[in-house]
Amino acid sequence: MPEIKKQLPAITESNRPFWEAAKRHDLVVYGCSGCGTLYSHVTVCVNCNQPRMEWVKVSGKGQVFTFCIYRQSFHPAWAGDIPYNVTYVKLDEGPLVMTNIVDCKNEDIYIGMPVAVVFDDISDKVTLPRFKPVS
Amino acid sequence: MSIRDKYAFAGVGLTRLGKIPDMTPDELAAQAITLALEDAGLSGKDIDGYIYQGGIGGGLSDTLPLHMTGINAPMVWQVASLGSYANVMVAMAVGAIESGLCNSVVLVHAASAASRRGGGMGPMGMGASTPGAYGWYGPGATAACMAQRYMHLYGLTREQLGSISLTLREYANKRPEAVMYDKEITMDDYLNARMVVEPLCLYDFCLVNDGAVALIITSAEKARSLKKPPVYIMGYGIDHSLRVAGQSPEAIHHFDGFVAEKAAEQAFGTAGITIKDIDVAEFYDAFTIFLLSQLESYGICGKGEAGAFVEAGNLKLGGQLPANTSGTALSWGYLMGFTQLTEGIRQMRGEGGECQVKDAEICLVTGLGGMVDNGSAATCCILRR
């Protein structure tokens with residue numbers, strides 16, 4: 001049977017700068033050049049309603065905002081990882097980002113836990129930002 | 001001019017629910033349409049509008065169910081709006097009749113989810129981060145992240161979530177057509193059930209089943225001339241709250257409650273009533289936490305109070321607001337937003353059997369679609385007898 005691979009990020013024209021930055025081990029978010037509001041999504045600024053957006057490098061530090069633990073496999077490529085967490089981290093700069101917490105037991109994750117980005121080079125082409133606990 | 005009470009449900013057709021591997025979604029839909037026509041005392045020739053679901057849980061081939069039921073409808077619309085779409089269809093049907101496009105519309109949902117797996121939900125949401133790359137699959141993670149956050153903020157317990165599962169199961173145990181009719185559960189069953197996406201267990205998730213339902217909407221005047229007592233549409237509301245998780249700060253509120261206030265304001269404004277006038281409610285319950293959060297979104301409880309409200313038995317018959325009286329998606333059968341709409345109509349007709357809310361005159365039906373991380377759609381519909 002052919003190996004079922006984990007899905008890679010869908011890199012598109014609009015999000016390419018995010019993935020290029022991750023490759024350089026930088027975490028960037030989308031920010032409004034008018035009012036400075038930051039977003040994790042590619043979007044139009046909801047404050048200014050203007051598409052004056054630019055990619056902004058952030059510290060990579062934040063806190064666990066919420067998380068869940070998969071106890072049942074929803075995709076064959078992830079069956080061997082059960083149980084695994086999917087977590088939203090609230091960056092110190094504001095935006096929420098979806099990620100996994102690594103270097104930490106699932107039962108030790110808690111809301112408010114301080115975390116920092118680590119860059120997981122999952123292939124020659126793709127680097128996934130994940131987060132680990134920091135004191 | 002207000003649309004209040006100008007249109008009404010005149011026919012309901014429901015197939016059996018459960019695992020029905022020998023019927024295609026089209027066949028299920030045709031059976032439901034035939035039953036709805038019989039229920040109303042109409043024939044296929046009387047129907048000139050057809051609105052049906054697309055997207056997940058679907059599988060209907062455009063117009064085949066129409067050919068199978070003798071309907072030649074000039075107006076055929078497909079709608080995809082996840083769990084919010086049943087009430088969206090109500091608004092579309094009313095709008096279509098109001099504008100003269102047609103006179104009598106059949107709304108159809110058919111599911112073959114138990115027998116034909118594979119069409120389920122893949123990774124969703126999040127522009128840059130591609131959820132599948134992080135192992136995020138299905139809507140259960142949304143509900144689980146919401147529950148986790150809600151537990152943290154308001155001290156919600158698993159017993160409180162479990163009391164929703166048990167309340168709905170008790171209703172379903174009184175409804176012979178329910179998928180879980182003969183399967184009782186206890187709090188121990190709930191607390192010991194397998195975790196699916198922690199903190200949510202098996203009984204926090206809705207059912208996966210086959211089945212179909214068809215509902216006929218026509219003018220109030222015409223409905224009054226038909227076989228069954230009309231169930232009037234007092235008002236409806238639709239709000240796509242496009243707040244993404246990356247936006248700060250208001251978007252993060254999605255993680256401790258759905259935003260339904262605008263939809264409620266629209267529906268109650270048209271109906272000219274308040275939430276206090278509601279005798280019975282049918283909340284969209286793909287997950288226990290979804291039902292819980294809507295008790296707060298619709299102003300039935302204050303923020304953080306819904307867990308205690310449910311645990312005190314307020315959703316049961318005789319409680320402050322009997323709700324989800326068939327056992328709905330968690331225990332009766334999952335037909336997306338049609339599960340709740342169908343039960344709302346039955347309650348207004350007095351067809352609730354042992355689950356009938358005595359003297360109930362006004363019913364709130366809700367729907368939810370989308371994900372907490374990329375904005376959600378809240379819809380509702382107010383019915384009266």
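Look a little higher up for the structure.
Reading the values: the criteria
- Residues numbered from 1 in each chain as written.
- Chains lettered and ligands numbered in written order.
- Predicted model: local features only at pLDDT ≥ 70, side-chain atom pairs only at ≥ 80, totals over all residues.
- Core = buried A, V, L, I, M, F, W, Y, C linked by C-beta atoms within 7 Å.
- Buried ≥ 20, exposed ≤ 12 C-beta atoms within 10 Å, placed from the backbone.
- Contact = placed C-beta atoms within 7 Å.
- Axes fitted to C-alpha atoms, helices over the stretch in contact; angles between N-to-C directions.
- Helix = DSSP H or I, 4+ residues; strand = E, 2+ residues; numbered from the N terminus.
- Parallel < 35°, antiparallel > 145°, perpendicular 65-115°, else oblique.
- Left-handed = near helix turned anticlockwise from the far one by under 90°.
- Nonpolar A, V, L, I, M, F, W, Y, C, P; charged D, E, K, R; others polar.
- Pairing = 2+ DSSP bridges.

Draft legend 1. View of the nonpolar core. Core analysis: the biggest nonpolar cluster contains 169 residues, and B:A32, B:L215 and B:L383 have the highest contact counts within it. With near-sequence residues (within four places) excluded, B:L383 lies in contact with B:V231, B:Y232, B:I233, B:M234, B:G344, B:I345, B:M348, B:C363 and B:V365.

Draft legend 2. Quick peek at the packing of helix α4 (residues 140–154) of chain B against helix α9 (residues 288–297) of chain B. Residues and elements named next belong to chain B. For the pair α4 and α9, interaxial distance at closest approach is 9 Å and the crossing angle is 55°. Judged by the inter-axis angle, α4 sits oblique to α9. Here the hand of the crossing between α4 and α9 comes out left-handed. Residue-level contacts link A143, M146, A147 and Y150 of α4 to I289, F290 and S293 of α9.

Draft legend 3. Representation of the interface of chain B and chain A. Each partner contributes to the interface: chain B provides 33 residues, whereas chain A provides 36 residues. Of all elements in the fold, only α4 and β5 (195–198) of chain B reach the threshold of two or more residues within the side of chain B that touches chain A. Counted by class, the side of chain B that touches chain A contains 18 nonpolar, 11 polar and 4 charged residues. Here strand β4 (residues 61–70) of chain A runs beside β5(B); their pairing, made up of 2 bridges, is antiparallel. The residue of β5(B) that forms the bridge with A:Y70 is B:V197.

Draft legend 4. Region of the structure containing the sheet that holds strand β2 (residues 38–39) of chain A. Residue and element names in this part refer to chain A. One open sheet accounts for 3 strands, arranged β2-β1-β3; its pairing is antiparallel. Strands at the two margins of the open sheet, each flanked by one partner only, are β2 and β3 (53–57). Sheet topology note: the strand β1 (residues 28–32)/β3 ladder contains 5 bridges and is antiparallel. Within the sheet, the bridge partner assigned to V29 lies in β3 and is V56.

Draft legend 5. Expanded view of unusual backbone geometry. Residue A:I82 is joined to A:P83 through a cis peptide bond whose omega torsion reads -5°. Note on placement: A:P83 falls in the loop between β4 and β5 (84–91). Across the junction of B:E198 and B:P199, the peptide omega takes the value 10°, indicating a cis bond. Within the element layout of this structure, B:P199 appears in the loop between β5 and β6 (200–201). One non-glycine residue with positive phi stands out, namely B:N324, at about 55°. Within the fold, B:N324 resides in the loop between α10 (306–311) and α11 (328–332). Given 27 C-beta atoms within 10 Å, B:N324 falls into the buried group. A positive phi angle, near 40°, is found at B:T328, a position not held by glycine. Its place among the elements puts B:T328 in helix α11. By the C-beta count within 10 Å, which is 28 here, B:T328 ends up buried.

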